[in-house]
Amino acid sequence: MATACSTGLDTGFATLDFGQIVVLGLVQGVTELLPISSTAHMRVVPALLGWPDPGSAFSALMQLAALAAVISYFRRDLGEIAGGALDGLRTRRFTKGPSRLALGVVLATIPIVIAGIALAPLLNRCGSPLRSLGVIGAASLVMALLLAATEWLASHRRAAEQAGFRDFLLIGLAQVGALIPGVSRSGSTLTAAMGLGFKRAEAARLSFLLGLPAIALAGLKEAWEIARAGIDAHAMALLIVGLIAGSLASFAAISGLMRYLERMSSWVFVVYRAGMGIFLLWAVAAGWLA
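Cut-offs and rules
Residues numbered from 1 in each chain as written. Predicted model: local features only at pLDDT ≥ 70, side-chain atom pairs only at ≥ 80, totals over all residues. Heavy atoms only, no water. 1 Å grid on protein atoms, 1.4 Å probe; cavity = no way out; pocket = protein on both sides within 12 Å on 5 of 7 lines; lining within 4 Å. Points joined across faces, edges and corners; volume = space filled by probe spheres on them. Helix = DSSP H or I, 4+ residues; strand = E, 2+ residues; numbered from the N terminus. Nonpolar A, V, L, I, M, F, W, Y, C, P; charged D, E, K, R; others polar. Buried < 20%, exposed > 50% of the residue type's maximum accessible area, 1.4 Å probe, protein only. Polar contact = N/O pair within 3.5 Å; in protein donor to acceptor, adjacent residues only side chain to side chain. Contact = heavy atoms within 4.5 Å. Salt bridge = Lys/Arg side-chain N within 4 Å of Asp/Glu carboxyl O. Axes fitted to C-alpha atoms, helices over the stretch in contact; angles between N-to-C directions. Left-handed = near helix turned anticlockwise from the far one by under 90°. Patch = residues over 30% accessible without salt bridge, like charges linked within 9 Å, V, L, I, M, F, W, Y side chains within 5 Å. Areas by Shrake-Rupley, 256 points an atom, 1.4 Å probe, with all protein chains shown as cover. Parallel < 35°, antiparallel > 145°, perpendicular 65-115°, else oblique.

## Points about the layout of surface pockets
Okay, step 1: Taken as a whole, the largest pocket holds about 750 Å³ of empty space.
Okay, step 2: Together, 33 residues line the largest pocket, and Ala 60, Gln 63, Leu 123, Leu 179 and Ala 218 are the ones closest to its centre.
Okay, step 3: When contributions to the lining of the largest pocket are tallied by element, the ones reaching two or more residues are helix H1 (18-33), helix H2 (38-49), helix H3 (56-61), helix H6 (97-124), helix H9 (185-195) and helix H10 (200-229).
Okay, step 4: A total of seven residues in the lining of the largest pocket trace back to one element, the largest contributor, which is H6.
Okay, step 5: Grouping the amino acids of the lining of the largest pocket by side-chain chemistry returns 15 nonpolar, 13 polar and five charged.
Okay, step 6: Here the second largest pocket is characterised by a volume of approximately 160 Å³.
Okay, step 7: Lining the second largest pocket, in full, are Asp 77, Glu 80, Ile 81, Gly 97, Pro 98, Arg 100, Leu 101, Ala 160, Glu 161, Ala 163, Phe 168 and Arg 205.
Okay, step 8: At the level of secondary structure, the elements contributing two or more residues to the lining of the second largest pocket comprise helix H5 (75-91) and H6.
Okay, step 9: Take the lining of the second largest pocket: its biggest share by element is four residues, from H6.
Okay, step 10: Broken down by class, the residue content of the lining of the second largest pocket amounts to six nonpolar, one polar and five charged.

Here it is, written out as structure tokens:
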């Protein structure tokens, strides 16, 4: 059995059993693509059940499950973006349609890559203070307030095709907030996109497409780090089972979210996040959770 910390990497998942991994894989898969923070749930659910913290490495690697779901669901969009990128490179113009979105994906990824490299030692180390339940509770509450503000004040009229380079960069800057557990990558980018006036479902579409490289880079980087850490066969089997469960849950989550936002507002997520934030801050202050 691998230790909870292998060469300084937080690999607490290695202390779990297969049943626990399936549960956490399903939770991770659903919450990774909903604007409610998967990292928060990876800390809260085990704490409530009395299980060990699966660690930041598990949360990051499980993004590969979300990656598979996003690629599968948006395969047509991604095909158009790839074609637009090739056309833009050929003509040296990225001003229209898919070619503009292709460049937008690059612009939106730059901020989180820079911030992720700079903060990696703090984010991935064992016992990182950023994974404390107090930080997660505060982040959840702040994001609930920001999402409520955009739901209340934004116009919700723009289509994704109207997005410009300023929009891409601002959404990319918002994505940096996802490095703080409790903020949520999809939550921060969805909030930013809605704040810029995009329709709810269109904002979600932009959130997923612009965040795809960040999801891929985070998952692949963690896979490389885990491989270097030399985890044993049991721990590797746990990861594979978790990835399978997470992939199935992620596809169901993205499909459900897109259908939901086409007809409904995001207030249900505001209420959920505010409730979770208040509960966590109270539980930590009362000494019930640590």
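## Considering the side chain of Thr 31
Okay, step 1: The residue Thr 31 is located in helix H1 in this model.
Okay, step 2: Residue classification places Thr 31 among the buried positions, given a relative accessible area of 4%.
Okay, step 3: Engagement of the side chain of Thr 31 in a polar contact is seen with the backbone oxygen of Val 27, the distance being 2.7 Å.
Okay, step 4: With sequence-adjacent residues up to four places away left out, Thr 31 is seen in contact with Ile 36, Ser 37, Ser 38 and His 41.

## Observations regarding the environment of Trp 224
Okay, step 1: Checked against the element boundaries, Trp 224 lands in helix H10.
Okay, step 2: The class for Trp 224 is exposed, based on a relative accessible area of 56%.
Okay, step 3: Separated by 19 residues in sequence, Trp 224 and Arg 205 have C-alpha atoms that sit 29 Å apart.

## Here we look at the pattern of salt bridges
Okay, step 1: Applying the stated rule across the entire model yields eight salt bridges.
Okay, step 2: Across the pair Glu 151 and Arg 200 runs a salt bridge whose closest N-O atoms are separated by 2.4 Å. With Glu 151 in helix H7 (residues 133-153) and Arg 200 in helix H10, this residue pair connects regions lying 49 residues apart in the sequence.
Okay, step 3: Overall, Glu 151 belongs to the buried group, its relative accessible area being 6%.
Okay, step 4: By relative accessible area, which is 22% here, Arg 200 ends up partly exposed.
Okay, step 5: Put simply, Arg 205 and Glu 202 hold a salt bridge, and the shortest N to O gap is 4.0 Å. With Arg 205 and Glu 202 both in helix H10 and three residues apart, the pair spans about one turn of that helix.
Okay, step 6: Judged by relative accessible area, which is 14%, Arg 205 ranks as buried.
Okay, step 7: Linked through salt bridges whose partners overlap, the residues forming this network are Asp 77, Glu 161, Glu 202 and Arg 205.

## Quick notes on the packing of H1 against helix H11 (residues 233-263)
Okay, step 1: Two elements in contact, H1 and H11, have axes separated by 6 Å at closest approach and are oriented at 35 degrees. The handedness of the crossing between H1 and H11 is right-handed. Contact with H1, carried on its side by Phe 18, Ile 21, Val 22, Gly 25, Leu 26, Gly 29, Val 30 and Leu 33, involves His 234, Ala 237, Leu 238, Val 241, Gly 242, Ala 245, Gly 246, Ala 249, Ser 250, Ala 253, Ile 254 and Leu 257 of H11 and no other residues of that element.
Okay, step 2: Among the residues forming the contact of H1 with H11, the class breakdown is 14 nonpolar, six polar and no charged.

## Quick word on a nonpolar patch on the surface
Okay, step 1: Together, Val 23, Leu 48, Leu 49, Trp 282 and Trp 288 line one region of the surface with nonpolar side chains, adding up to about 540 Å² of accessible area.
Okay, step 2: Overall, Val 23 belongs to the partly exposed group, its relative accessible area being 34%.

## Details of the packing of H1 against H2
Okay, step 1: One can describe the packing of H1 onto H2 by two numbers: an axis separation of 8 Å at closest approach and a directional angle of 150 degrees. Comparing the axis directions of H1 and H2 gives the class roughly antiparallel. In the crossing of H1 with H2, the sense of the turn from one axis to the other is right-handed. Where H1 abuts H2, its residues Leu 24, Val 27, Gln 28, Thr 31 and Glu 32 lie against Ser 38, His 41, Met 42, Val 45 and Pro 46.
Okay, step 2: Along the lines of polarity and charge, the residues of the contact of H1 with H2 split into five nonpolar, four polar and one charged.

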